[in-house]
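Read off the chains here:
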Amino acid sequence: MIAIAVFGLILVLYSISETLLLSSYNDLEERNAVQNIERIKLALSSDIDELSSTNTDWAHWNDTYKFIKDGNKEYIDANLNSDSFNYLKINFMLFLDSNGGIVLTKAVNDRSEVLSPPDDLVSHLLADRKLLCLSETNQFNGIVALPEGNFIISSEPILTNLGKGPARGTLIMGRYLDSEIEKLSKMIQLPIVAKGINETNMSSDFIAAKSSLSEDEATLIKSLSKETIAIYALLRGVSGEPSIILRLEMPRDIYRQGESTIFYFLLFILLSGITFAIVILVLLDKTLLSRLANLGLSVNNIGLTGDLSMRVPAAGSDELSRLADDINIMLTRLAQSEGKLLKSEQRYRAIVEDQTELICRFLPQGVITFVNDAFCRYFNWTREELTDQAFSMTISKDGGEAIEKEIRALSIENPICSFQNSYDTDEGVLWQHWTLRALFNDFVFPLEYQAVGQDVTERKRAEEELKNARDNLETRVKERTAELEFQNVQMEQFIYTVSHELRSPLITIQGFIGLLINDYEKGDEEKTKTDLKSIVDAVTRMDQLLSETLELSQIGRVANPAENVPFDEIAKESLLRISDRIKGSSVEIIVAKNMPYVNVDRMRIVEALTNLIENSIKYIGQTKDPKIEIGYKGSAKEPVFFVHDNGMGIDPRQQSKVFELFYKVDKNSEGTGVGLTMVKRIIEVHGGQIWIESQLGRGTTVCFTLPLGESKENE
Amino acid sequence: MNNQSATILLVEDDETHAKLIIRSFESMRIEKIFWVCDGEEAMDYLLHREAFADRKKSPRPDLILLDLKIPKLDGHEVLRRIKNLDELKAIPVVVLTTSHNERDLRKAYQNHANSYLVKPLGIDQFFRLTQHLSLHWLEWNWRLQGDSILDQANSSFC
């Protein structure tokens, strides 16, 4: 942290020094450069002045005045030698007459030989006759840039010693500017370069400078590299036109000095910053950090162990020691309040644990945080098994989603919901009624849930039983109604059949009474007797019909209690009843042995069996060796009892009809046709079934089933 | 007058009822009455089978009187068979039974019974019934045969 702070400080200082110091150093440098170039310009103008005064000396001289006029050779010999050129430090001289015509030109070369200057130079100089001094007051001094080189030029009118005219011509003196510049360069020990503005082989920096320099901006400063800076100045010609660009190169001493100053300054600050940081750290650690860490460690330790009797070290008398003291006091108070809390927790726990209600707390994710003993006992789990389990494991899968939805909908305004839930165990389904409360710490998310459940399995079971009973009752009522309706239909049919059957003898009686009267009146004794017999027969038959109908109607109502008897006994009893009839016929009767026990109204079944045997005897007809067989077929668990005869058999079409009331197989049959109907009724009242298996000429088998009794032969 | 050409088949299981009907017809001198006791016998008679193979013993009846409650084949079945046989269905069949049962009535007419009559109480009523039967069914039948028996029949009641 401290290192970063120090580094930041240095960065800030660096940027400040960079912007403030360096720019001021730059200014300083530039000002120095401008000063230098101004000095050079000054030196050059003093050179020009010097040349001008030399020229004035020569031009305002009677000898020269005379020479222009006569062109005497003595003047040339005496004055225009190499010594005087060297002395005057000029490179060429032009003597012109008043019309600008050349009188004499002289120049000196490198080897100090006096000769004519190059023609090009002369013609270029005089090209626009600018330099001609046509009056006494004309004079031109300055710099001229020519293809042959740059020169300092002085042009004066040729006058007398006293400076009196008229001017006889013009004297022009010129000096190479480059040598002058060289001299200056040597003098100030800085490289100076001058270039004519129209020079063709200029370097790129000059071209750039040329375009930047203007009337107003006479100088331009440009840094060529970190080491050097260049300053350009525009020099004006004789008539004020821009003619020369001067370049002065200077080492950037000042700037570099500034840079190194900043570097050392920053280095110093960095070093001192680091040193201070280290010192502060050491001091901080000694006086504060290690003690704070110790304090934190011991507080942490107390938190971890939960031992509130431990204390933090509190040596010294500064703020930290006071903090430690405060912590210790707080620990004491905490211990006290925890003691109280423990007591109340114990009380609360005792209440919760002794409840018969199932209590459970769980987190919003469902993880159980607390259960009471009743809960564990109820679900048959140990507390260990329940740790980290979800409350939802007690919720049945069928209703789980609805319940979860309800729980999620709880809010601080409506924090309670209740629901019933089933839980499958090996012993059956357990039902609970849960009341669930969400505990909130803010207004949005529940912190914990608390569920209190009651076992309602018994109630649920009772409810279910009640419901089943109700449903059963309903179906039974329906069944019974259907049964009653069916019985009603049967009853109607019965009444119809009976009334029809009873009307039949009435028709006979009424009819024959009429005939009887007729026959009696005629005195036909024979017919009267048969008429009377018919009437008596009809009355007897009617009585028989009435009594049998009554008997039939009572079968279902008057019942003796069921007896557990072997069917053998029933067969024996039936045969005994009609022993006379059997003896009267030649029928052989075979009875099976060890027949199953039946649980029946003994009297009725004997009656039914008797009826069946009688029927068989009745219809056995003229069969040879008539035989009746009584027995059972099928397994002993589901026996079908039968009475079989080897008589004439019954047409299959009539087999269902034989049980109908008053049905007779043919007109000669004895009886009223109630017998088989009665048998059927008796069997059906017992819950059995009866049917006929027969083929014409192959005998008849009447089959029936009966409720079975318990066999007592358990040897 | 003598209506000997009229032949009646009586299907009736109750002997006394048969006697009453036969005696009623006899009083009108209609004596060619063939009496059978059950449905099977009736079909045997009509189709000249079994005991009735001799056609002389089973002449084609002009009228069939049919009781419904008879053994073996019941009256409805006999009626259905008669009306389904081309050679027999022209014979008028009058159901003569003890009951007023609607169901029987409807079923009989569905099976194309020509009439449905209930046995009356009293011999006079029987006489009236047979008179009515012979008038309505036998005369009508004769007329179809082209004979002028109507007058004869009428005069027989004088």
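Position labels on residues start from 1 in each chain and follow its written sequence. Working convention: letters from A go to chains and numbers from 1 go to ligands, in the order in which they are written. Thresholds applied to this predicted model are a pLDDT of at least 70 for local features of residues and 80 or more for the giving and counting of side-chain atom pairs; totals over whole chains, interfaces and linings are not thresholded and use all residues. Water and hydrogen atoms play no part in the side-chain values, which are based on all heavy atoms of the structure.

Peer 1: Hey, could you run me through the pattern of salt bridges in this one?
Peer 2: Between side chains of opposite charge, a pair can form when the charged atoms approach closely. Residues and elements named next belong to chain A. By convention in these notes, a salt bridge is any Lys or Arg side-chain nitrogen within 4 Å of a carboxyl oxygen on Asp or Glu. In the structure shown here, the tally under the stated rule is 36 salt bridges over all chains. Notably, a salt bridge pairs Arg602 with Glu569, separated by 2.9 Å at the nearest N-O pair. Highlighted residues: Arg602 in helix 17 (residues 602–619) and Glu569 in helix 15 (residues 567–577), separated in sequence by 33 residues. A salt bridge links Glu693 to Lys633, with the shortest nitrogen-to-oxygen separation between them at 2.9 Å. Remark: Lys633 occurs in strand 19 (residues 627–633) and Glu693 occurs in strand 21 (residues 690–694); sequence separation between them is 60 residues. A simple rule labels every residue: compare its accessible area, found with a 1.4 Å probe on the protein chains alone, to the largest value its type can have, and call it buried under 20%, exposed over 50%, or partly exposed in between. For Glu693, a relative accessible area of 33% corresponds to the partly exposed category. Under the scheme used here, helices are H or I runs from DSSP no shorter than 4 residues and strands are E runs no shorter than 2 residues, and both carry numbers assigned from the N terminus.

Peer 1: How do you make sense of the interface of chain B and chain A when you look at a structure like this?
Peer 2: Each partner contributes to the interface: chain B provides 30 residues, whereas chain A provides 30 residues. Joining two parts hides part of their accessible area as seen by a 1.4 Å probe, and the buried area is that hidden amount summed over both. Its largest share of buried area at the contact with chain A, chain B owes to Arg23(B), Lys72(B) and Leu121(B), together 25% of the area lost on that side. Inspection of the region where chain B meets chain A yields two salt bridges. Residue Asp531(A) pairs with Arg23(B) through a salt bridge whose shortest N-O separation is 3.6 Å. Counted as a polar contact is a pair of N or O atoms within 3.5 Å, where, for protein atoms, one must be capable of donating a hydrogen and the other of accepting one, and residues adjacent in sequence contribute only when both atoms are in side chains. Where chain B touches chain A, the interface holds 11 residue pairs in polar contact (both at pLDDT 80 or more). At the level of secondary structure, the elements contributing two or more residues to the side of chain B that touches chain A comprise helix 1 (15–27), helix 4 (102–110) and helix 5 (123–144) of chain B. In what follows, residue pairs with any heavy atoms lying within 4.5 Å of each other are defined as contacts.

Peer 1: What is the right way to look at the sheet that holds strand 12 (residues 368–371) of chain A in this model?
Peer 2: Strand pairing in a sheet is mediated by backbone hydrogen bonds. Such pairs are either parallel or antiparallel. Residue and element names in this part refer to chain A. Read from one edge to the other, the open sheet built from five strands follows the order 12-11-15-14-13, with strand pairing classed as antiparallel. Looking at strand neighbours, the two that pair on one side only are strand 12 and strand 13 (416–425), the edges of this open sheet. When the angles between neighbouring strand axes are averaged without regard to direction, this sheet yields 25 degrees. Note: strand 11 (residues 358–362) against strand 15 (residues 446–455), five bridges, orientation antiparallel. Paired with Ile359 across the bridge in strand 15 is Val452. For helices, the fitted axis covers only the stretch in contact; all axes are lines through C-alpha atoms, and the angles between them, taken along N-to-C directions, range from 0 to 180 degrees. Across the sheet, helix 9 (residues 319–354) lies against strand 11 and strand 12, angled at about 80 degrees from strand 12, the strand it touches most. Running over the sheet, helix 13 (residues 457–522) touches strand 13, strand 14 (428–440) and strand 15 and is turned about 125 degrees from strand 14. Strand pairing is assigned whenever DSSP identifies at least 2 bridges connecting the two strands.

Peer 1: What am I meant to see in the confidence of the model for chain B here?
Peer 2: Residue and element names in this part refer to chain B. In this model, chain B carries an average pLDDT of 82, and 84% of its residues clear a pLDDT of 70 or more. Per-residue confidence from the predictor is given as pLDDT, running between 0 and 100. Confidence drops under a pLDDT of 50 for residues 145–158, and excluding neighbours within four residues, the segment shows 15 contacts in the predicted structure. Interface scoring of the predicted complex returns ipTM 0.81; its pTM is 0.45.

Peer 1: Can you walk me through the side chain of Ser298(A) in this structure?
Peer 2: Tracing the sequence through the fold places Ser298(A) in helix 8 (residues 253–305). When near neighbours in sequence (up to four residues on either side) are disregarded, Ser298(A) contacts Val312(A) and Pro313(A).

Peer 1: Just to check I follow, could you spell out unusual backbone geometry for this structure?
Peer 2: Backbone phi values are negative for most residues with the exception of glycine, while trans is the configuration of most peptide bonds. All names here are of chain B. The backbone phi angle of His48 is positive, close to 55 degrees, even though this residue is not glycine. For Lys72, which is not glycine, the phi dihedral falls at a positive 60 degrees. Within the element layout of this structure, Lys72 appears in the loop between strand 3 (63–66) and helix 3 (75–84). For Lys72, a relative accessible area of 23% gives the class partly exposed.

Peer 1: When you look at the sheet that holds strand 10 (residues 242–251) of chain A in this model, what are you seeing that I'm missing?
Peer 2: All names here are of chain A. The strand order across the open sheet formed by four strands is 7-10-9-8, and the pairing between neighbours is antiparallel. A single partner strand is all that each edge strand has here, and the edge strands are strand 7 (192–196) and strand 8 (219–223). With direction set aside, neighbouring strand axes in the sheet form an average angle of 20 degrees. Looking at chain direction, strand 8 and strand 9 (residues 228–236) are connected through five bridges and run antiparallel. Bridged to Thr219 within strand 9 is Ala233.

Peer 1: Before we go on, may I ask you to explain the packing of aromatic side chains in this structure?
Peer 2: The geometry of an aromatic ring pair comes down to the distance between the two centres and the angle between the two planes. Residues and elements named next belong to chain A. Note on ring pairs: Phe, Tyr and Trp rings are taken, using the six-membered ring of Trp, and paired if centres are within 6.5 Å. Classes follow the plane angle, with under 30 degrees stacked, over 60 edge-to-face and the rest tilted. Taken as a whole, this structure holds 22 aromatic pairs over all chains when the rule is applied. When the ring of Phe375 is compared with that of Phe379, the centres are 4.8 Å apart and the planes differ by 55 degrees; the resulting orientation is tilted. Of this pair, Phe375 and Phe379 are both found in helix 10 (residues 373–379), four residues apart, which corresponds to roughly one turn of the helix. The exposure classification of Phe375 matches that of Phe379, with both residues buried. Aromatic side chains Phe375 and Trp434 sit 6.1 Å apart centroid to centroid with 55 degrees between the ring planes, which places their arrangement in the tilted category. Taken together, the residues span a long stretch of sequence, with Phe375 in helix 10 and Trp434 in strand 14 at a distance of 59 residues. For Phe375, a relative accessible area of 0% translates into the label buried. Overall, the relative accessible area of 0% leaves Trp434 in the buried class.

Peer 1: What exactly am I supposed to notice about the environment of Val429(A) here?
Peer 2: Residue and element names in this part refer to chain A. Mapping Val429 onto the fold places it in strand 14. For Val429, a relative accessible area of 35% gives the class partly exposed. When the C-alpha positions of Val429 and Thr457 are compared, they lie 7.7 Å apart, and in sequence the two are 28 residues distant. Those residues in contact with Val429 that lie beyond four places of it in its chain are Ser422, Tyr423, Asp424, Thr457 and Arg461.

Peer 1: In this structure, what is going on with the environment of Gln695(A)? I would like to understand it.
Peer 2: All names here are of chain A. By the secondary structure assignment, Gln695 is in the loop between strand 21 and strand 22 (700–704). Take Gln695: its relative accessible area is 44%, and that puts it in the partly exposed class. Note: C-alpha distance between Gln695 and Ile650 (45 residues apart in sequence) is 6.0 Å.

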